[in-house]
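Spelled out, the chains give:
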Amino acid sequence: HSLVHTADSLRANEQQYRHFFETAGVGLSRVSLNGRLLDVNQRFADIVGRPRDSLLGLNFTDITHADDATMNWALLESSLQGHRDRYTLDKRYVRPDGSVIWVALTAVLVRDAQNQPLHFVSVVEDISERRRYEEAMTSAKAAERASKAKTEFLSRMSHELRTPLNAMLGFAQLLRVDPRAPLSDGQLQKVEHIEHAGAHLLAMLTDVLDLSRIEAGSLPLSLDPIEVTAIMQEAASMVKNQALEAGLQLKVPPSQEALHAHADPVRLRQILVNLLTNAIKYNRPQGRVMLEAMAVPPHLVITVSDTGKGISPEHLPHLFEPFNRLGAERTGIEGTGIGLVIVKRLVDLMHGRVEVSSNLGSGSSFRVWLPLARVSTSSLPTPAHTPLSERPHAPEAPSASSTAQMTVLYAEDNAINVELVRQVLRMRPQWHLQVAENGAQAIEQALAQPPDLLLLDMHLGDMNGTDVSDALRQHAHTAHIPRVALSADVMPDQVNLAKSRGFLEYLNKPLQVAQLLKVLDRC
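What comes next concerns the included structure.

What counts as what
- Residues numbered from 1 in each chain as written.
- Predicted model: local features only at pLDDT ≥ 70, side-chain atom pairs only at ≥ 80, totals over all residues.
- Heavy atoms only, no water.
- Salt bridge = Lys/Arg side-chain N within 4 Å of Asp/Glu carboxyl O.
- Helix = DSSP H or I, 4+ residues; strand = E, 2+ residues; numbered from the N terminus.
- Buried < 20%, exposed > 50% of the residue type's maximum accessible area, 1.4 Å probe, protein only.
- Pairing = 2+ DSSP bridges.
- Axes fitted to C-alpha atoms, helices over the stretch in contact; angles between N-to-C directions.
- Parallel < 35°, antiparallel > 145°, perpendicular 65-115°, else oblique.
- Left-handed = near helix turned anticlockwise from the far one by under 90°.
- Contact = heavy atoms within 4.5 Å.
- Nonpolar A, V, L, I, M, F, W, Y, C, P; charged D, E, K, R; others polar.

**Focus: the pattern of salt bridges**
Point 1. Summed over the entire model, instances satisfying the criterion amount to 17 salt bridges.
Point 2. Among the ionic pairs, glutamate 134 bridges to arginine 130, the shortest N-O distance being 3.5 Å. In this pair, glutamate 134 and arginine 130 both sit in helix 5 (residues 128-177), 4 residues apart, roughly one turn of the helix.
Point 3. By relative accessible area, which is 41% here, arginine 130 ends up partly exposed.

Spelled out as structure tokens, the structure:
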């Protein structure tokens, strides 16, 4: 009777074990001491993507990714040698179709009554989704780090390249506008050549940085409903002198209605200036440039057309290739081969498109299609128009009644930049210049003798300009000194940071002498 009861208990335990084995939500298997699969449940077969019967008798290495098999064997051998009775690892199985499945494996060594190894019982959980998520997160973090590094590199590169340009263009402006040492006509022409070449180099640098920032995804855009007519007028004003010098007619026909589009106003103006500049450069003598817009629901289309020689059909497919000037490099017309690439990328970012049509001998038309905005005038944000930069001339000095001596403390670690500002201040003798070669020195001098104006470079040797400003704000007698940035770092993030920290102005290098003089006069 006792034997019958024992047999019944064993059968009941076996049934419970089989029920658990078959219905478990994880893959279960029994594996021999030499790695052969003795038994597997259906969930295990589903995970590895093979028929259950076909798995029995296979070695686990037959279905394990080759790169993981060695580690699996090492852990199995370690268990057999008595170093451990269980091990865990993340490993990959390879399905018959070649796809790879990640699993978390836990293997336990089962021993008999005499403590001799019998077999392994393995629990397998599919973690492919988790691994994909982790890899995606890792990739995203790596991409974020790479993007941040690229942005920092662009900021530093902009600073380093603009610094020598600052000296070249700054001193050229001083030669041209200094009333105490007027130039002869021949000298003036030479200086204007220097300024013209420097301005071209600066434009190339700006284009390359813009393109790099677009590629890095670090170019901020604000896609709000804007009135396009105002932006068109601003763009036309910025190129009207170029058109006059080239003997061209620049026409912007008035619109019959207010036209609005979803676009970034600063970047739209950049697009139009770029297209208008090309229309002027590649036009014929006494030609015409036309800038017009019309609503074509659900789009608004802005057209820039010219009466130039046109673009050949074989060149049209290559129009938006970086650094490809389509033979214009042999004409003597200056250019970078980047402008139209930037135009297309910016329009793409605004969810629009660019179209080109051209006839050899009669001209070209560039059409920018943007999402049309239907808004009432009262709902539009007030635009913050950027003042249009004119060719710098020295503002008249303040009246003689302004004789009070004032002090400007200039924090700058580049001796040539210091000398340039020193020369500019000779045109405003009521200002006295003090110089700090680094941030710590600037803080020390300002605390000892507070100046009337702080002129701060953004990249000093030991800290940046905002750090200096923040440190001086902690002291009552220096907290309210006007601060002006003068920096070759023109990245928007840096400019916005400075203005959010209370800087009155952010002057760019290469320095516009007239801008600095205006700041001094206002103070």
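Following the structure, the description resumes.
**A look at the pairing of strand 10 (residues 299-306)**
Regular strands show a simple pattern: their side chains alternate between the two faces of the sheet.
Point 1. Across the 8 residues that make up strand 10, a large majority, 7, are buried.
Point 2. As paired elements, strand 9 (residues 288-296) and strand 10 share 8 bridges and run antiparallel to each other. Following the sheet pairing, alanine 295 is matched in strand 10 by leucine 300.
Point 3. Hairpin connection, strand 9 to strand 10: the antiparallel pair is bridged by 2 residues.
Point 4. Where strand 10 meets strand 12 (residues 363-371), 7 bridges bridge the pair, whose relative direction is antiparallel. Of the residues in strand 12, the one forming a bridge with isoleucine 302 is valine 368.

**A short note on the packing of helix 10 (residues 415-425) against helix 14 (residues 513-522)**
Point 1. The N-to-C vectors of helix 10 and helix 14 enclose an angle of 60°; their axes lie 11 Å apart at closest approach. In this view, helix 10 runs oblique relative to helix 14, as classed from their interaxial angle. Seen along the crossing, helix 10 lies across helix 14 with a hand that is right-handed. In this structure, helix 10 uses Val421, Val424 and Leu425 to contact helix 14, whose residues at the interface are Val513, Leu516, Leu517 and Leu520.
Point 2. For the contact of helix 10 with helix 14, the residue count by class is 7 nonpolar, no polar and no charged.

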